[in-house]
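Below, each chain spelled out in residue letters.
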Amino acid sequence: MAGRWRDLGLAALGLLVLLLVPVVGAPPAIRDFIMFGMAYGLLAMSLNLLIGYTGLVSFGHAMFFAAGAYAFGLAMQSGKFSIPGAFVLAMAFTATMALIVGAICVRLNEIYFAFLTLAFQMLFYNIILGWVSFTGGDQGLMGGIPRPKFLGIDLADRTQLYIFCSVAFVVCIAILRQVVTSPFGYTLRMIRDNQERAAFLGINVTMVKLACFVISACIAGVGGILLTLFVSGAYPNFGFWTTSGEAIFMILLGGSNVFLGPLVGTVILRLLNDITVSYTSHTELVLGIVILVLVLGLRKGPLDLLADRWENRRQAKAQAVRDAADKDAQAGRDA
Amino acid sequence: MLKLENLKKSFGGVAATRDVTLDFADGSLSAIIGPNGAGKTTLFNLITGRFPPDTGRILLAGENIAGLSQRRIVRLGVGRAFQVASLFPTLTVSEALAAAAQAHQRRETVLRSPFPLATTTKHGDEIMELLGLTRVAGILSRNLSHGDQKLLDIGLALALEPKVLLLDEPTAGMGPEERWRMIETVQRLWRARRMTLIFIEHDMDIVFKVAQTVRVLSYGSVLAEGTPDEVRTNPKVIEAYLGKSAHGAVA
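Residues numbered from 1 in each chain as written. Chains lettered and ligands numbered in written order. Predicted model: local features only at pLDDT ≥ 70, side-chain atom pairs only at ≥ 80, totals over all residues.

1. Let's talk about the overall build of chain A
Basically, it comes down to this: The numbering of helices and of strands both runs from the N terminus, where a helix is a DSSP run of H or I of at least 4 residues and a strand a run of E of at least 2. The globule rule used here is 2.2 Å times the number of residues to the 0.38 power, and the radius of gyration it is set against is calculated over C-alpha atoms. Three exposure classes are used. Buried residues have 20 or more other C-beta atoms within 10 Å of their own C-beta, exposed residues have 12 or fewer, and partly exposed residues fall in between, all C-beta atoms being placed from the backbone.
Scanning chain A from N- to C-terminus turns up 14 helices and 0 strands. Going from the N terminus to the C terminus, chain A shows its helices and strands as α-α-α-α-α-α-α-α-α-α-α-α-α-α. For 335 residues, the compact-globule formula gives about 20 Å, and the C-alpha radius of gyration of chain A, at 22 Å, lands near that figure. Projecting the C-alpha coordinates of chain A onto the three principal axes gives extents of approximately 85 × 50 × 45 Å. For chain A, buried positions account for 43% of its 335 residues.

2. Notes on the pairing of strand 7 (residues 164–168) of chain B
Residue and element names in this part refer to chain B. The cut-off we apply is this: What makes two strands pair is DSSP finding at least two bridges between them. Whether a crossover is right-handed depends on one test, that the path from the first strand over the helix to the second runs clockwise when the strands point away from the viewer.
Of all the 5 residues making up strand 7, 5 are buried; the element is thus mostly covered by neighbouring parts of the structure. What you see with strand 7 is no split at all: Val164, Leu166 and Asp168 on one side and Leu165 and Leu167 on the other are buried throughout. When strand 6 (residues 78–81) meets strand 7, the two strands line up parallel, connected through 4 bridges. For Arg80, the partnering residue across the bridge sits in strand 7 and is Leu166. In terms of strand pairing, strand 7 meets strand 8 (residues 196–200) through 5 bridges, oriented parallel. Counterpart to Leu167 in the pairing with strand 8 is Phe199. Note on the crossover from strand 7 through helix 6 (residues 176–193) to strand 8: the handedness is right-handed.

3. Description of the domain arrangement of chain A
What counts here: Boundary definitions for the domains trace back to an automatic or database domain assignment.
Taken as a whole, chain A is organised into domain 1 (2–300) and domain 2 (308–335). The C-alpha centroid of domain 2 of chain A is placed 43 Å from the C-alpha centroid of domain 1 of chain A.

4. Thoughts on unusual backbone geometry
Residue B:Pro116 is reached from B:Phe115 by a cis peptide bond, and omega for that bond is -5°. By secondary structure assignment, the location of B:Pro116 is in the loop between helix 3 (93–104) and helix 4 (118–131). At A:Ser232, a residue that is not glycine, the phi angle is positive and equals roughly 55°. By the element assignment, A:Ser232 lies in the loop between helix 10 (205–231) and helix 11 (241–254). Take A:Ser232: there are 17 C-beta atoms within 10 Å of it, and that puts it in the partly exposed class. Backbone geometry at B:Glu169 places phi at a positive 50°, although glycine is not the residue there. Tracing the backbone shows B:Glu169 in the loop between strand 7 and helix 6. Classification of B:Glu169 as partly exposed rests on a count of 19 C-beta atoms within 10 Å.

5. Details of the environment of A:Leu226
All names here are of chain A. Applied cut-off: Two residues qualify as a contact pair if the distance between their C-beta atoms, derived from the backbone, is within 7 Å.
As for its position among the elements, Leu226 is in helix 10. Leu226 sits 223 residues away from Gly3 along the chain, and the two C-alpha atoms are 29 Å apart. Ignoring any residue separated from it by four or fewer positions in sequence, one finds Leu226 in contact with Met38, Ala39, Leu42, Cys165, Ala168 and Phe169.

6. Here we look at the interface of chain B and chain A
How big an interface is tends to be reported as the loss of accessible area on association of its parts. Note the cut-off: In this count, Pro and Cys sit with the nonpolar residues alongside Ala, Val, Leu, Ile, Met, Phe, Trp and Tyr, while Asp, Glu, Lys and Arg are called charged and the others, Gly among them, polar.
Contacts between the two partners involve 34 residues from chain B, matched on the other side by 32 residues from chain A. At the level of secondary structure, the elements contributing two or more residues to the side of chain B that touches chain A comprise helix 2 (70–76) and helix 3 of chain B. Among the elements that line the side of chain B that touches chain A, the one with the most residues is helix 3 of chain B, at 6 residues. Of the residues that constitute the side of chain B that touches chain A, the class distribution is 18 nonpolar, 9 polar and 7 charged.

7. Focus: the domain arrangement of chain B
All names here are of chain B. We note that the domain assignment places domain 1 (2–85 + 161–250) and domain 2 (88–143) within chain B. Here the C-alpha centre of domain 2 lies 28 Å away from the C-alpha centre of domain 1. Listed as interface residues are 4 residues of domain 1 and, on the opposing side, 4 residues of domain 2. Residue composition of the side of domain 1 that touches domain 2, by class: 2 nonpolar, 1 polar and 1 charged.

8. Let's talk about the packing of helix 3 of chain B against helix 4 of chain B
Residue and element names in this part refer to chain B. Here is the rule we go by: All axes here are fitted lines through C-alpha atoms, helices being fitted over the stretch that makes contact, and every angle between N-to-C directions spans 0 to 180 degrees. Note that the term roughly parallel is reserved for angles under 35 degrees, roughly antiparallel for angles over 145, roughly perpendicular for angles of 65 to 115, and oblique for everything else. Handedness of a crossing follows from how the near helix is turned relative to the far one, being left-handed for an anticlockwise turn of less than a right angle and right-handed for a clockwise one.
For the pair helix 3 and helix 4, the least separation of the axes is 8 Å and the interaxial angle reads 120°. Considering their axes alone, helix 3 and helix 4 lie oblique with respect to each other. In terms of crossing hand, the pair formed by helix 3 and helix 4 is right-handed. Residues Val93, Ser94, Leu97, Ala98, Ala101 and Gln102 of helix 3 form the contact with helix 4, whose participating residues are Thr120, Thr121, His123, Gly124, Ile127 and Met128. Looking at the contact of helix 3 with helix 4 residue by residue, the class counts come to 6 nonpolar, 6 polar and no charged.

9. Notes on helix 13 (residues 283–298) of chain A
Residues and elements named next belong to chain A. Here is the rule we go by: Here the expected span of a helix is defined as 1.5 Å times the quantity of residues minus one.
With 16 residues, helix 13 ought to run about 22 Å at 1.5 Å a step, and its terminal C-alpha atoms sit 22 Å apart, in line with that. Here helix 13 lies mainly on the outside; 1 of its 16 residues are buried. Directly after helix 13, the chain includes Arg299, whose backbone phi takes a positive value near 65°.

10. Examining the confidence of the model for chain B
All names here are of chain B. To keep things clear, this is the line we draw: Per residue, pLDDT captures the predictor's confidence, and it can take any value from 0 to 100.
A residue-level look at chain B finds 96% of positions with pLDDT of 70 or above and a mean pLDDT of 87. When mean pLDDT is taken per element in chain B, helix 3 scores highest with 93 and helix 10 (residues 247–250) scores lowest with 42. Ignoring residues within four places in sequence, the model shows residues 245–251, a span with pLDDT below 50, making 6 contacts including any to other chains. Quick note on the complex model: pTM equals 0.87, ipTM equals 0.85.

11. Considering the pairing of strand 8 of chain B
Residues and elements named next belong to chain B. For strand 8, a buried count of 5 out of 5 residues is recorded, marking the element as mostly surrounded by other parts of the structure. Every second residue of strand 8 is oriented toward a common face, with Thr196, Ile198 and Ile200 on one face and Leu197 and Phe199 on the other, all of them buried. Where strand 3 (residues 29–33) lies against strand 8, 4 bridges are found, and the strand directions are parallel. When the bridges of strand 8 are listed, Ala31 appears paired with Phe199.

12. Some words on the packing of helix 11 of chain A against helix 13 of chain A
All names here are of chain A. Here helix 11 crosses helix 13 at 45°, and the two axes come no closer than 10 Å. What the angle tells us is that helix 11 and helix 13 run oblique. Here the hand of the crossing between helix 11 and helix 13 comes out left-handed. Residues Phe249, Leu252 and Leu253 of helix 11 form the contact with helix 13, whose participating residues are Leu287, Ile291 and Leu294. Along the lines of polarity and charge, the residues of the contact of helix 11 with helix 13 split into 6 nonpolar, no polar and no charged.

13. Some thoughts on the sheet that holds strand 3 of chain B
Paired through backbone hydrogen bonds, the strands of a sheet run either parallel or antiparallel to each other. All names here are of chain B. Taking strand neighbours across the sheet as the criterion, the 6 strands line up as 6-7-8-3-9-10 in an open arrangement whose pairing is mixed. Of all strands in the sheet, those with a lone pairing partner are strand 6 and strand 10 (221–226), marking the two edges. Strand-to-strand twist across the sheet, computed as the mean angle between neighbouring axes with direction ignored, equals 20°. Sheet strands touched by helix 5 (residues 146–158): strand 6 and strand 7. Its angle to strand 6, the strand with the most contacts, is close to 170°.

Laid out in structure tokens, this is it:
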């Protein structure tokens, strides 16, 4: 219970810091950086619920990012929905899509799961490209996303949009935190560690995986909505495989075993991107080198490394307690 | 409590279980022995639903469970520990037991409250106490000693509060002294929980000392069954284990 209050406190603190950014008069570039970071951060954080916590390596996660973005954008452009209405509609669409895709994919393991998610993503991407009259094809949703006022909130205003996105972002992170610290979150870890044994404890592995897949897709969908609001459009590359790949990069760069690892990875990736792009057009080359160093050198994300150090210390302490208990028991037997 | 009737199972052309009929009384402690490849583990796999028998019935408290899914059979009260401990490497001992207990209480999908739930912690603590695992409560499963891993494996099965508990070689890979400690623990939990316990074992000293009833399997069928004394002096058993020529020497 104490942990939960601490988490809520940290979430409130995080939100406060985010909200202070416009107040202290940070330059617009920083605000833009944070907005991009929040959208992609949700993509990476939600993907890590699958990869890090459940052991489901999905290569197609960006399709739900795009699903949220397009569903929201199209609903707003139709003029029939308020922003909250379109938000709910986009969530429902993303969840339904995840339910269908997930029901087919989660029965498969490892590489088969990865490739099937990739295949569904390419299918979705090609539908977006091909259905020009509806989605705008490779041009994306053109003409801007209307942002009518609701409840006195005007998202056409940059600051109000920023506040709205910050709140949505922190709420999503809090939801993810709630999931991984709940009994359900530990069931996910059991499935990651040893699926057969989990099934042997009476757990319905397929259903739990599917539920996790849908939750994760919905959070990615929120990320897509934030991006759509921010860039006032939706583009096919939101759902291209490279976007899924970037999300995996973010997880690698931060660490998959630490809750906020992917978020740190998002910041690192976007910083690397923004810095290198002003010196060279070969940003991918720089990224590739960094990833190689991480994979071959550290073999894990920087945050994982720190977490491991900490865990080893804790384990050493627990071992010491055990050894002391064993010694006492031995003394008892001898006497 | 558990009755096997005319169980048969073949893999390709190989008959792993041929016409096994056995009756395990409620609350009994019995051992299954037999040479390598006698079909002991296959029998456990059939009972727990890892694969269905070709023919025959498996009656749990009178209800036929043959052909049901593994998950269904677990829920009906058949627990199992494995020959090679099957654990959750990244969970600590207390986390693993709480997680197993929450699965048993059908709370494995609870999202609202934080892990571990108070009811599951209590359940897990009792098991740690019973198995002497309290001293390693905070240690990750992958860092446990071999003996403690085997105990935790049994603990995970116990978290399901099984009516029938199957232990596949609980003493596998242990030194002589450790074996006896293990089997004492098994005996203790059998008394404490009053369940039907069946274990596979290779060490004859242990089997004859601990088990109430001994079943001998050979080439997939039941060679002999009875009290340890009956089985020990059964000529067929001696033959299967020691070969014909040694018959006179042992008798």
